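Residue-level structure breakdown
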Amino acid sequence: MVKVNDNYLKLPGSYLFSTVGRKQREYQAAHPEKSVIRLSIGDVTQPLAPVIIDTLHKAVDEMGNAETFKGYAPDLGYEFLRKAISDNDFKARGCAIEADEIFVSDGAKCDCGNIQEIFSLDNRIAVCDPVYPVYVDSNVMAGRAGDYNTITETFSNVIYMPCTEANGFAPEIPSETPDMIYLCFPNNPTGATITKARLQEWVDYANKVGAVILYDAAYEAYISEDNIPHSIYECEGAKTCAIELRSFSKNAGFTGVRLGYTVIPKELKVGEVSLHSLWARRHGTKYNGAPYIIQKAGEAVYSEEGKKQLKAQVAYYMNNAHYIFDNLKAAGYQVSGGVNAPYIWLKTPGNMTSWEFFDYLLENANVVGTPGSGFGPSGEHYFRLTAFGSYENTVEAIRRIKAL
Ligand code: MLT
């Protein structure tokens, strides 16, 4: 008789953002007269930039013409996009990442979830706590995380690196040695960042112990300060220990369009085995490439017009971030993040648990955020608000929170 992958049964509850979405829908169904403002999932609200729309239209027309029609995309991505990425995201920052070290995909979430497949189940993962849930959940599904402890709300085989107020929400090198280290900077959910010197320490450590860093740089476009690295490859030696995951969702508003990429340098080897070759094999077997139309839109992100229009879009969201941060701080909330990231991380008032505060805000202010405990045990008593709402909704949400 067929058996299921019972690792799935170890997952506690449903995916965090599904639970948040369900609670919002239930509340709205029970109170149809209320206007609920969603500052929970990091989903963009501004329309695609004009240059992206023009490019999409042209690419659609190409698909209707026999001379320019495209079938399957190359499974590692079109050369035009990989070259634009290599030139703009890496070489322009002094990182020697070549076009053929870039694997284009339909988004960083899928890549974050899938990348663990090329590693042995014997590896131990280390994650920040709190953390973007995909890293842990995908390792649970694979059978690498061990068993769930309902008291500590942790998995037995995962090394948790607490990111708390005491350490400025920055992980410290763990006492147990991990094999795979997930880092995300600017950080989701805390909005914290890492300096180049601190990131260099992680790179040196990974090279020393033979670990691989899975570096999620999805929020790179939100960096406003100078000493914050945009890519892990700005650090010496990162090409022999790091994989970087990038997204077009947050810098170009592609959450509904879907485009991302993963960088695996050719020098990154485990013994004699090239991780680049393994991922190429996996991509070739299980993936047919992001659509041509979308990859053309991705190329437009790097045009002069694209850069200008998207800088304005990022500035729009960061204006929201500053608005939330400044107003909640003035109202007496303890807040962090929001300077190099579109997330504000706040301490729940009156020692409420994260879910108590979620319910309290939903019922009394009709504002939806994300409970910090959903990202891990060290997120308890914290709450995340996103700056990706419209300016009007952001102002109204903060007005309602301040009026509580
Ligand atoms: C979040 O809200 O944490 C993100 O939107 C999730 C994602 O990018 O998948």
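Residues numbered from 1 in each chain as written. Predicted model: local features only at pLDDT ≥ 70, side-chain atom pairs only at ≥ 80, totals over all residues. Heavy atoms only, no water.

**Here we look at the pairing of strand β3 (residues 125-129)**
A regular strand carries its side chains on alternate faces of the sheet. Our working rule: Any residue under 20% of the maximum accessible area for its type is buried, any over 50% is exposed, and the rest in between are partly exposed; the area is computed with a 1.4 Å probe on protein chains only. For helices the rule is a DSSP run of H or I covering at least 4 residues; for strands it is a run of E covering at least 2, with both sets numbered from the N terminus onward. Paired strands, in this sense, are two strands between which DSSP finds at least two bridges.
Across the five residues that make up β3, a large majority, five, are buried. Neither face of β3 is exposed, since I125, V127 and D129 on one face and A126 and C128 on the opposite face are all buried. Pairing between β3 and strand β7 (residues 180-184): two bridges, direction parallel. Within β7, the position partnered with A126 by the bridge is I181.

**A look at the domain arrangement of the protein**
Formally: For every domain, the bounds stem from an assignment made automatically or drawn from a database. Using a 1.4 Å probe, buried area is obtained as the accessible area two parts lose upon being combined, added over both of them. Salt bridges, as used here, are contacts in which a Lys or Arg side-chain nitrogen is within 4 Å of a carboxyl oxygen on Asp or Glu. In the analysis that follows, any N or O atom pair within 3.5 Å is treated as a polar contact, provided that within protein one partner can donate a hydrogen and the other can accept it, and provided that, for residues neighboring in sequence, both atoms belong to side chains.
Here the domain parsing of the protein yields domain 1 (6-46 + 305-402) and domain 2 (53-303). Here the C-alpha centre of domain 2 lies 24 Å away from the C-alpha centre of domain 1. For the domain 1 and domain 2 pair, buried surface summed over both sides reaches about 3,400 Å², with 59% attributable to carbon and sulfur atoms. Its largest share of buried area at the contact with domain 2, domain 1 owes to Y15, N340 and F375, together 19% of the area lost on that side. Counting across the interface, domain 1 meets domain 2 through one salt bridge. A salt bridge links D147 to K10; the shortest N-O distance between them is 3.5 Å. Here domain 1 is connected to domain 2 by 16 residue pairs in polar contact (both at pLDDT 80 or more). Elements supplying a minimum of two residues to the side of domain 1 that touches domain 2: α10 (304-330), β13 (335-337), β14 (343-347) and β17 (382-386).

**Digging into a nonpolar patch on the surface**
Applied cut-off: Within the patch definition used here, like charges are joined within 9 Å and nonpolar side chains (Val, Leu, Ile, Met, Phe, Trp, Tyr) within 5 Å, considering only residues with over 30% relative accessible area and no salt bridge. Per-residue and other accessible areas were derived by the Shrake-Rupley procedure at a 1.4 Å probe size, with only the shown protein chains allowed to occlude residues.
The grouping of V4, Y8 and L9 at the surface amounts to a nonpolar patch, some 360 Å² of accessible area in total. On the basis of relative accessible area, V4 is assigned to the exposed category, the value being 62%.

**What about the pattern of salt bridges?**
Taken as a whole and judged by the stated rule, the model has 21 salt bridges. D43 is paired through a salt bridge with R38; the nearest N and O atoms lie 3.7 Å apart. The partly exposed category is assigned to D43, whose relative accessible area is 28%. Its salt-bridge partner being R399, residue E396 comes within 2.9 Å of it at the nearest N-O pair. With E396 and R399 both in helix α12 (residues 391-402), this residue pair falls three residues apart, about one helical turn. Here R399 falls in the partly exposed class, since its relative accessible area comes to 48%. One continuous salt-bridge network, built from bridges that share partners, spans D89, R93, E220, E244 and R246.

**Brief notes about the packing of α10 against α12**
Stated precisely, the cut-off is as follows: All axes are obtained by fitting lines to C-alpha atoms, using only the stretch in contact for helices, and the reported angles, taken between N-to-C directions, cover 0 to 180 degrees. In this scheme, roughly parallel covers angles under 35 degrees and roughly antiparallel covers those over 145, while 65 to 115 is roughly perpendicular and the rest are oblique. Any pair of residues with heavy atoms lying within 4.5 Å of one another is described as a contacting pair. Basically, the charged four are Asp, Glu, Lys and Arg, the nonpolar ten are Ala, Val, Leu, Ile, Met, Phe, Trp, Tyr, Cys and Pro, and anything else, Gly included, counts as polar.
Contact geometry for α10 and α12: axes closest at 10 Å, N-to-C directions at 10°. In this view, α10 runs roughly parallel relative to α12, as classed from their interaxial angle. Where α10 approaches α12, its residues Y316, N319, N320, Y323, I324, N327 and L328 are matched on the opposing element by Y391, E392, T394, V395, I398, I401 and K402. Per-class residue counts for the contact of α10 with α12 are eight nonpolar, four polar and two charged.

**Section: empty space enclosed by the protein**
Heads up, the rule is: With a 1 Å grid spanning the protein atoms alone, the term cavity applies to any set of points in which a 1.4 Å probe fits but cannot get out, the term pocket to an open set with protein on both sides within 12 Å along at least five of seven lines, and the term lining residue to any residue with an atom within 4 Å of a point. Grid points are joined across faces, edges and corners, and a volume is the space filled by probe spheres set on the points.
Per the stated rule, a full pass over the model turns up one cavity of 30 Å³ or more. Of the pockets and cavities examined, the largest cavity occupies roughly 80 Å³. In terms of lining, the largest cavity is formed by D89, A217, A218, E220, A221, R246, S247, F248, N251, Y261 and Y302. Class assignment of the residues belonging to the lining of the largest cavity gives a composition of six nonpolar, two polar and three charged.

**Describing the site of the ligand**
Defined as follows: Throughout, the term near means that a residue has one or more heavy atoms lying within 4 Å of the molecule or strand in question.
Around the ligand lies a shell formed by F17, I41, G42, K109, Y132, N188, Y219, K250, Y343 and R384. Contact distances for the ligand include 2.9 Å between an oxygen atom and a side-chain N or O atom of K250. Take R384: an N or O atom from its side chain is 2.7 Å from an oxygen atom of the ligand. Burial of the ligand by the surrounding chains reaches 86%, relative to a free accessible area of 270 Å². Here the residues of the shell around the ligand are counted per class, giving five nonpolar, two polar and three charged. Taken domain by domain, the makeup of the shell around the ligand includes at least three residues from each of domain 1 (6-46 + 305-402) and domain 2 (53-303).

**Some details on unusual backbone geometry**
Most peptide bonds adopt trans geometry, and most residues besides glycine take a negative phi value. Put simply, D129 and P130 share a cis peptide bond, and its omega is 10°. One non-glycine residue, R258, lies in the positive phi region at around 75°. Looking at the secondary structure, you find R258 in the loop between α7 (249-252) and β10 (260-263). The class for R258 is partly exposed, based on a relative accessible area of 28%.

**Digging into the environment of N340**
Inspection of the secondary structure puts N340 in the loop between β13 and β14. Through-space distance from the C-alpha of N340 to that of A321 is 9.5 Å; in sequence the pair is 19 residues apart. Not counting residues within four places of it along the chain, the set of residues in contact with N340 comprises P186, T193, Y219, Y222, I223, S224, E225, I228 and M318. Engagement of the side chain of N340 in a polar contact is seen with the backbone nitrogen of S224, the distance being 2.7 Å.

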